[in-house]
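Listed below are the residues making up each chain.
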Amino acid sequence: MARKVEIFRITLVFYLSCFVARALVQPRPPSDTIKQNNHRRAFLNKLALGGPAIGVACVAAGPWPAKADLASAAANGVPMLGRFEKLTGANSFIGSWKYEGTKGPPTGELVFLKNGEVELRSLNDPSIILGVGAVPWKYVSPKGQDTMVKLSFTIDADGEDDVLIFQGELDSAGGPDRIIEGSIETGRAEVGARGGGPRKRVGSFAAKAT
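Residues numbered from 1 in each chain as written. Predicted model: local features only at pLDDT ≥ 70, side-chain atom pairs only at ≥ 80, totals over all residues. Heavy atoms only, no water.

Caption draft 1: Region of the structure containing the overall build of the protein chain. Each helix and strand counted, the protein chain has three helices and nine strands in total. Traced from its N-terminal end to its C-terminal end, the protein chain shows the element sequence α-α-α-β-β-β-β-β-β-β-β-β. Every one of the 210 residues in the protein chain was classed for burial, and the buried ones make up 27%. By sequence separation, contacts in the protein chain at least 24 residues apart represent 40% of the contacts at least 6 residues apart. Surface accessibility of the protein chain: about 13,700 Å² in total, with carbon and sulfur atoms responsible for 59%. (Helix = DSSP H or I, 4+ residues; strand = E, 2+ residues; numbered from the N terminus. Buried < 20%, exposed > 50% of the residue type's maximum accessible area, 1.4 Å probe, protein only. Contact = heavy atoms within 4.5 Å. Areas by Shrake-Rupley, 256 points an atom, 1.4 Å probe, with all protein chains shown as cover.)

The structure is reproduced here in structure tokens:
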């Protein structure tokens with residue numbers, strides 16, 4: 001329907017333009033000069049009066065821009081693909097995050113790879129690796145109506161005596177503004193090559209999706 005209205009609107013504008021051009025430039029005999037001016041004045045008056053009505057009708061009938069959000073997309077039957085796709089499980093955190101922490105490297109680009117690897121890169125130079133995961137990341141998907149994903153990972157960073165253990169949560173329904181927040185701990189020899197004894201909280205961290 002919207003396509004037909006658009007075609008009609010373009011066709012109407014085209015014919016009106018042609019008619020105006022022909023009426024204004026078509027030569028007339030000298031004896032018809034007064035009649036010609038009267039015809040032009042009458043036509044322009046009609047156009048001035050009818051133009052707003054035509055414009056209002058076209059605006060009312062024209063297609064409105066669609067809302068680019070998950071709720072309106074689902075309500076209008078838009079396929080849940082691309083940016084409309086609902087994030088679940090690992091899809092909610094795989095990718096790059098702007099990281100800040102109170103223990104270990106203070107800032108960086110935190111990257112979760114599909115193969116389970118974790119990298120903490122320099123914000124100024126992504127080719128510089130500040131730390132890597134000692135073991136693959138793990139997560140627990142939400143159940144029922146809950147949308148919070150629990151995530152755990154490690155970073156073996158330069159200058160740290162122990163492997164840093166991160167326990168965080170993020171809202172999988174948070175969209176592009178998703179944030180991972182949680183604690184930084186040390187301990188548990190089983191998580192990496194260094195460190196042992198009971199788990200101890202040594203700091204906190206936050207990471208925003210980029």
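Caption draft 2: Layout of the packing of aromatic side chains. For the structure shown, the criterion picks out ten aromatic pairs. Ring geometry for Phe153 against Phe166: centres 4.6 Å apart, planes inclined by 5°, an arrangement best described as stacked. Here Phe166 lies in strand β7 (residues 164–171) and Phe153 lies in strand β6 (residues 148–157), a separation of 13 residues in the sequence. The interplanar angle of 85° and the centroid separation of 5.8 Å between the aromatic rings of Phe153 and Phe205 together place this pair among those described as edge-to-face. Of this pair, Phe153 sits in strand β6 while Phe205 sits in strand β9 (residues 200–209), placing them 52 residues apart in sequence. An aromatic cluster is present here, built from Phe93, Tyr99, Phe112, Trp137, Tyr139, Phe153, Phe166 and Phe205 joined pairwise through their rings. (Phe/Tyr/Trp six-rings, centres within 6.5 Å; stacked < 30°, edge-to-face > 60°.)

Caption draft 3: Quick look at the pattern of salt bridges. Under the criterion given, the structure shown has five salt bridges. The partner of Glu160 in a salt bridge is Lys103, and the shortest N-O contact between them spans 3.5 Å. One end of the pair, Glu160, is in the loop between β6 and β7; the other, Lys103, is in the loop between β1 (95–101) and β2 (107–112), with 57 residues separating them in the sequence. Among the salt bridges present, the one from Lys150 reaches Glu169, with a minimum N-O distance of 2.4 Å. Linking Lys150 in strand β6 with Glu169 in strand β7, this pair joins segments that are 19 residues apart in sequence. You can call Glu169 partly exposed: its relative accessible area is 31%. (Salt bridge = Lys/Arg side-chain N within 4 Å of Asp/Glu carboxyl O.)

Caption draft 4: Seen up close, the environment of Phe153. Overall, the relative accessible area of 2% leaves Phe153 in the buried class. Counting along the chain gives 13 residues from Phe153 to Phe166, while the straight-line C-alpha distance between them is 5.3 Å. The residues touching Phe153, leaving out its near neighbours within four places in the chain, are Leu110, Phe112, Val118, Trp137, Leu164, Ile165, Phe166 and Phe205.

Caption draft 5: Up close: the pairing of β2. Most of β2 sits inside the fold, with five of its six residues counted as buried. Examined bridge by bridge, β1 and β2 share six bridges and lie antiparallel to one another. The residue bridging Tyr99 from the neighbouring strand is Gly108, located in β2. Here β2 pairs with strand β3 (residues 118–121) via four bridges, running antiparallel. Directly across from Leu110, in β3, lies its bridge partner Leu120. (Pairing = 2+ DSSP bridges.)

Caption draft 6: How the structure looks around the environment of Ala173. Assignment of secondary structure puts Ala173 in the loop between β7 and β8 (179–186). Put simply, Ala173 and Met148 are 25 residues apart on the chain and 8.1 Å apart in space, counted from C-alpha to C-alpha.

Caption draft 7: Representation of the nonpolar core within the structure. Ranked by size, the top nonpolar core spans 22 residues in total, and within it Phe93, Trp97, Leu110, Phe112, Phe153 and Ile180 carry the most contacts. Counting residues per element, the ones that place at least two in this core are β1, β2, β3, β6, β7, β8 and β9. In contact with Phe93, other than residues within four places in its own chain, are Phe112, Trp137, Tyr139, Val149, Leu151, Leu170 and Ile180. (Core = buried A, V, L, I, M, F, W, Y, C linked by side-chain atoms within 4.5 Å.)

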